[in-house]
Amino acid sequence: MDIRIRTLRRGEMPVVIEFAAREGWNPGLHDADPFHAADPGGFLVAEHQGQAVGCIGAVSYAGRFGFIGLYIVAPDWRGRGIGRRLWAKGMARLAGHVVGLDGVPAQQDNYRKSGFSLAWQNIRFAGTARRSGRTGDAPIVPLRDVDFAALCADERRIFPAPREAFLRAWIAMPEATGLAWMDQGRLAGWGLIRRCREGHKIGPLVADRPEVASTLYAALCDSVPEGDPVYLDVPMPNADALALARALGLRSVFETARMYAGTAPACELQRLYGITSFELG
């Protein structure tokens, strides 16, 4: 079978986003630019006679931490070894890295066979945007007004490697709103909500304490049409994040397993109320 695996070009990123949409993963409408910015050589495509039949993201951050995502073979092409070839190419690209992924629980055993160990579970919660009735007295400012170096430093507390190019593109996405809580000039929390194929996803949502997370969640929901679906991907080790989701009446709709090959990196999960992206970590 004539299958070629090669690096995806920037203009082809919508192909893998569409693959994700067909899997029901509800990608953001404008994910292509920040995904590519994270690592321009980090996405591979399998093609047959010019037709894309599979893909994988093997994104390298600073040459030491990698993340596997967007690992998909088109349904009509499954069972032919294409997934194994994509996996081998992606993992070879990340040789020498600690590698993370967010996989569906049913695939945990397969990932264990490749050297991955479970670190924690994530739950995707779903709800609807409601008007909060906030009075505006909370110290919330647009995320674009926050010093970018300070924002990058804060993200390093909840993500194990620098990724300035990705973060700059993420917060500049169209149809997205980023907000930050400033506590006497110090960044105490921040988050972003973006338009997706269905509704909106909040990610990340980062906060020093629960009331900051709750207020930011409400303010982000205020920025989208009332009644629209809203999704939040919560790491289960953060008990305060789970309590917030339940207090908001959100329902569990999907789960993933965060797994690592290599020593799991240290992150301040107690500050992480919403994961940025299951595709990039």
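Each remark here, short or long, concerns the structure printed above.
Counting from 1, residues in each chain are numbered in the order their sequence is written. Reporting of local features is limited, given that this is a predicted model, to residues whose pLDDT is at least 70; pairs of side-chain atoms are given and counted only at 80 or more, and all residues count toward the totals for whole chains, interfaces and linings. For side-chain calculations, the full set of non-hydrogen atoms in the structure is used, while hydrogens and water are omitted.

1. Observations concerning the overall build of the chain
Moving on, step 1. A tally of helices and strands in the chain yields 8 helices and 13 strands.
Moving on, step 2. Here the globule rule is a power law, 2.2 Å times the number of residues to the power 0.38, and the radius of gyration is based on C-alpha atoms. A compact globule built from 281 residues would reach a C-alpha radius of gyration of about 19 Å, and the chain, at 18 Å, matches this within 12%.
Moving on, step 3. Overall, the chain is about 65 × 35 × 30 Å in size when its C-alpha atoms are taken along their principal axes.
Moving on, step 4. Relative accessibility thresholds used throughout: buried, under 20% of the residue-type maximum; exposed, over 50%; partly exposed, between the two (1.4 Å probe, protein chains only). Burial analysis of the chain (281 residues in total) assigns 53% to the buried set.
Moving on, step 5. Every residue pair with non-hydrogen atoms within 4.5 Å of one another is taken to be in contact. Of the contacts made within the chain by residues no fewer than 6 positions apart, 73% connect residues no fewer than 24 positions apart.
Moving on, step 6. Put simply, the chain shows about 11900 Å² of open surface, and 49% of that area lies on carbon and sulfur atoms. Labels follow the DSSP assignment, with helices taken as runs of H or I lasting at least four residues and strands as runs of E lasting at least two, numbered in each case from the N terminus. We get accessible surface area from the Shrake-Rupley algorithm with a probe of 1.4 Å; when it comes to residues, only the shown protein chains can shield them.

2. Regarding the nonpolar core
Moving on, step 1. Ranked by size, the top nonpolar core spans 64 residues in total, and within it Phe35 and Tyr61 carry the most contacts.
Moving on, step 2. Residues in contact with Tyr61, not counting those within four places in the same chain, are Ala38, Phe67, Phe159, Ala161, Pro162, Arg163 and Leu280.
Moving on, step 3. Listed in part, the 29 residues of the second largest apolar core include Leu179, Val224, Val230 and Ala241. Remark: nonpolar core denotes a set of buried residues (Ala, Val, Leu, Ile, Met, Phe, Trp, Tyr, Cys) joined through side-chain atoms within 4.5 Å.

3. A few points about the packing of aromatic side chains
Moving on, step 1. For this analysis, a ring pair means two rings from Phe, Tyr or Trp (six-membered ring only for Trp) whose centres lie within 6.5 Å, classed as stacked if their planes differ by under 30 degrees, edge-to-face if by over 60, and tilted for the remaining angles. Using the criterion set out here, one finds 12 aromatic pairs in the structure.
Moving on, step 2. When the centroid spacing of 6.3 Å and the interplanar angle of 50° are considered together, the rings of Phe65 and Tyr260 count as tilted. In this pair, Phe65 is assigned in strand β4 (residues 65–73) and Tyr260 in strand β12 (residues 251–261), connecting sequence segments 195 residues apart.
Moving on, step 3. By relative accessible area, which is 4% here, Phe65 ends up buried.
Moving on, step 4. Ring pairs connect the aromatic residues Tyr61, Phe65, Trp120, Phe159 and Tyr260, which therefore count as one cluster.
Moving on, step 5. Geometrically, a charge over a ring is one whose NZ (Lys) or CZ (Arg) sits within 6 Å of the ring centre while staying within 35 degrees of the ring normal. If you follow Arg168 out to its NZ or CZ, it ends over the ring of Phe148, 4.0 Å from the centre.

4. A few points about the side chain of Arg124
Moving on, step 1. If you trace the backbone, Arg124 turns up in strand β6 (residues 117–128).
Moving on, step 2. One polar contact links Arg124 to Asp233, side chain to side chain, over a distance of 2.6 Å. For this analysis, a polar contact is any N or O atom pair within 3.5 Å, provided that within protein one partner can donate a hydrogen and the other can accept it, and provided that sequence-adjacent residues contribute only side-chain to side-chain pairs.

5. Topic: unusual backbone geometry
Moving on, step 1. Along the chain, Gly203 connects to Pro204 via a cis peptide bond; the corresponding omega equals 0°.
Moving on, step 2. Along the chain, the position of Pro204 falls in strand β10 (residues 200–207).
Moving on, step 3. In this model, Leu70 sits at a positive phi of 50°, which is unusual for a non-glycine residue.
Moving on, step 4. Relative to the elements of secondary structure, Leu70 occurs in strand β4.

6. Here's the deal with the layout of surface pockets
Moving on, step 1. Of the voids in this model, the largest pocket is the one considered here, and its volume is about 750 Å³.
Moving on, step 2. The definitions used throughout rest on a 1 Å grid laid over the protein atoms alone, on which a cavity is an enclosed set of points accommodating a 1.4 Å probe that cannot get out and a pocket is an open set flanked by protein within 12 Å on both sides along at least five of seven lines; lining residues are those having an atom within 4 Å of a point. Taken together, 30 residues form the lining of the largest pocket, with Trp25, Tyr71, Ile72, Gln107 and Tyr111 sitting closest to its centre.
Moving on, step 3. Elements that contribute at least two residues to the lining of the largest pocket include exactly β4, α3 (82–93), β5 (98–103), α4 (108–113) and β12.
Moving on, step 4. Among the elements that take part in the lining of the largest pocket, β4 stands out by supplying 6 residues, more than any other.
Moving on, step 5. Any residue outside Ala, Val, Leu, Ile, Met, Phe, Trp, Tyr, Cys, Pro, Asp, Glu, Lys and Arg is labelled polar, Gly included; the first ten of those are nonpolar and the last four are charged. Its residues assigned to classes, the lining of the largest pocket comprises 14 nonpolar, 9 polar and 7 charged. Grid points are joined across faces, edges and corners, and a volume is the space filled by probe spheres set on the points.

7. A closer look at the packing of helix α5 (residues 148–155) against helix α6 (residues 164–171)
Two numbers describe a pair of packed helices, the interaxial angle and the distance between the axes.
Moving on, step 1. Each axis is a line fitted through C-alpha atoms, taken for helices only over the stretch in contact, and angles between the N-to-C directions span 0 to 180 degrees. Two elements in contact, α5 and α6, have axes whose closest approach is 11 Å; the angle formed by their N-to-C orientations is 115°. One way to sum up the angle between α5 and α6 is to call them roughly perpendicular. As for how α5 packs across α6, the hand of that crossing is right-handed. Side by side, α5 and α6 meet where Phe148, Leu151, Cys152 and Glu155 of the first sit next to Glu164, Leu167, Arg168 and Ile171 of the second.
Moving on, step 2. Looking at side-chain class alone, the contact of α5 with α6 contains 5 nonpolar, no polar and 3 charged residues. Roughly parallel means an angle under 35 degrees; roughly antiparallel means over 145; roughly perpendicular covers 65 to 115; every other angle is labelled oblique. With the far helix as reference, a near helix turned anticlockwise by less than a right angle produces a left-handed crossing, and one turned clockwise produces a right-handed crossing.

8. What about the environment of Arg246?
Moving on, step 1. Mapped onto the elements of the fold, Arg246 is located in helix α8 (residues 239–247).
Moving on, step 2. Residues Arg246 and Gly189 lie 57 residues apart in sequence; the distance between their C-alpha atoms is 20 Å.

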